[in-house]
Amino acid sequence: MTQRRRSRNPFRLLRDRLAEIERNSATRPGGRWRRANEYALLFSLPVAIVLGYLFDDLDVTVEREQNVMFRIGREGIDGPVIVVRHDPEYDQQPWAMTLPLGTVMVETRLIRRGWPVASVVERPAPRLVMTLILAPDRRIALADRAGVVAIESETGVSLDGVREAVIDTLEGATSLANLASAIRRNETTTTRSWGASIAAGGATWLLLFVVSTIAIRTAQLTAWMHARLRRRRVVRRLRAGRCPDCLYDLHLERFPKRCPECGRRIWS
Ligand SMILES: [Zn+2]
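Calculation notes
Residue positions are given per chain, counting from 1 as you read along its sequence in written order. Residues qualify for local features only when their pLDDT is at least 70, as the model is predicted, and side-chain atom pairs are given and counted only at 80 or more; totals for whole chains, interfaces and linings, by contrast, use all residues. Each axis is a line fitted through C-alpha atoms, and for a helix only the stretch in contact is used; angles between axes span 0 to 180 degrees, taken between their N-to-C directions. What counts as a helix is a DSSP run of H or I of at least four residues, what counts as a strand is a run of E of at least two, and both are numbered from the N terminus. Handedness of a helix crossing follows the sense of rotation of the near helix relative to the far helix, less than a right angle counterclockwise being left-handed and clockwise being right-handed. Here, residue contact means that the backbone-derived C-beta atoms of the two residues sit within 7 Å. By the convention adopted, Pro, Cys, Tyr, Trp, Phe, Met, Ile, Leu, Val and Ala count as nonpolar, Lys, Arg, Asp and Glu as charged, and the other residues, Gly among them, as polar. Comment: burial labels come from other C-beta atoms within 10 Å of the residue's own C-beta, placed from the backbone, where a count of 20 or more is buried, 12 or fewer is exposed, and between is partly exposed. Joining buried Ala, Val, Leu, Ile, Met, Phe, Trp, Tyr and Cys residues through C-beta atoms within 7 Å gives a set, and that set is a nonpolar core. Boundaries of every domain are those given by an automatic assignment or by a domain database. What sets the label is the angle itself: under 35 degrees gives roughly parallel, over 145 gives roughly antiparallel, 65 to 115 gives roughly perpendicular, and the rest give oblique. Here, strands pair whenever DSSP counts at least two bridges between them.

Thoughts on the packing of helix α2 (residues 31-54) against helix α6 (residues 194-239)
Working note: a packed helix pair is described by the angle between its axes plus the distance between those axes.
Piece 1. Packing of α2 against α6 brings their axes to within 8 Å, and their N-to-C directions diverge by 145°. Of the two possible hands of crossing, α2 and α6 adopt the one that is right-handed. Counting all contacts with α2, which are made through W33, A36, N37, A40, L41, S44, L45, V47, A48, I49, L51 and G52, the residues of α6 involved are S197, A200, G201, T204, W205, L208, F209, S212, T213, I216 and Q220.
Piece 2. The class makeup of the residues in the contact of α2 with α6 is 14 nonpolar, 9 polar and no charged.

This is the structure in structure tokens:
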């Protein structure tokens, strides 16, 4: 073993490692299959790093938390929007408005991305989600213009001014003003955990290496069985007194050096 100075240059490190694999495989049993396995270990690392980034979108979980609930209505068909804070525990309470429209929830979300370990956490701005009395199974994000227009034409109920009225109400309550400003800023904060990213990349690397080892072993076994079958066929044909390649009858010659028909080496 020669002592060499280790470089910090990643390309030089890679070149040294490749040279080491080539040098070792020449003097060691296992030959090209072992070498293939060492290449697989080396090259599955950058592939795992790239896959780690792509896998961020493979598994996405969303946790919803509903903070505050409001009852929404109007005083008369074209009257102003009425927003009343409501405690879902007391669902039987009468509506304090002449024309009830539905409820609005302030919803915060936590989106986790990554496979097999969640490495990225996104916190979008809180959003206002409305459920109309006339369409109790639907949840409409009030910031989603197209969704609002669709439900308005479906139910004939106008949601004009509802979003603004709810944000104004949030701003008016000291304990909820920060929710209002977060909705107005509409920013998503994204945090990546490097520990989790490394764990995910390591798991992917291991998985890739195991898969490529299985593939290499299968190829090795197939090649070995092929060689064995070929050897058996050669022996069988020689015993029958024929050329292993062209089946020329060799009975007439005693220990021929080559097949007179195709020139294959026989006893030389
Ligand atoms: Zn022959």
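Considerations on unusual backbone geometry
Piece 1. Here the residue pair W115 and P116 is connected by a cis peptide bond, since its omega of -5° sits within 30 degrees of zero.
Piece 2. A positive phi angle, near 55°, is found at N186, a position not held by glycine.
Piece 3. Within the fold, N186 resides in the loop between α5 (177-185) and β7 (189-192).
Piece 4. When the 11 C-beta atoms within 10 Å are taken as the criterion, N186 is described as exposed.
Piece 5. Despite not being glycine, L247 shows a phi value in the positive range, around 65°.

Quick word on the nonpolar core
Side chains of nonpolar character tend, in soluble globular proteins, to be buried together.
Piece 1. Counting 22 residues, the largest nonpolar core has I72, V104 and V166 as its most contacted members.
Piece 2. When contributions to this core are tallied by element, the ones reaching two or more residues are β1 (60-74), β2 (81-86), β3 (99-113), β5 (127-132), α4 (162-172) and α5.
Piece 3. Apart from the residues within four sequence positions on either side, I72 is in contact with V81, V83, L101, G102, T103, V104 and V162.

Details of the domain arrangement of the protein chain
Piece 1. One can read the domain layout of the protein chain as domain 1 (21-55 + 197-268) and domain 2 (60-192).
Piece 2. Using only C-alpha atoms to locate each centre, domain 1 and domain 2 end up separated by 64 Å.
Piece 3. Facing 5 residues of domain 1, the contacting portion of domain 2 comprises 6 residues.
Piece 4. Of the residues contributing to the side of domain 1 that touches domain 2, the split by class is 4 nonpolar, 1 polar and no charged.

Section: the packing of α4 against α5
Piece 1. The geometry of α4 relative to α5 is characterised by a closest axis approach of 6 Å and an angle of 140° between their N-to-C directions. On the basis of their axis angle, the class for α4 and α5 is oblique. Crossing handedness for the pair α4 and α5: left-handed. Residues I167, L170 and E171 of α4 form the contact with α5, whose participating residues are A177, L179, A180, I183 and R184.
Piece 2. In terms of residue class, the contact of α4 with α5 is made up of 6 nonpolar, no polar and 2 charged.

Things to note about the pairing of β2
Piece 1. Relative to β2, β1 runs antiparallel, the two being bridged by 6 bridges. If you follow M69 over to β2, its bridge partner there is H86.
Piece 2. Connecting β1 to the antiparallel partner β2 that follows it, the hairpin turn spans 6 residues, and G76 within it adopts a positive phi of roughly 80°.

With respect to the environment of T190
Piece 1. Secondary-structure assignment places T190 in strand β7.
Piece 2. On the basis of neighbour count, T190 is assigned to the exposed category, with 11 C-beta atoms found within 10 Å.
Piece 3. Placed 70 residues apart in sequence, T190 and V120 show a C-alpha to C-alpha distance of 6.9 Å.
Piece 4. Excluding residues within four positions of it along the chain, T190 makes contact with V120 and E122.

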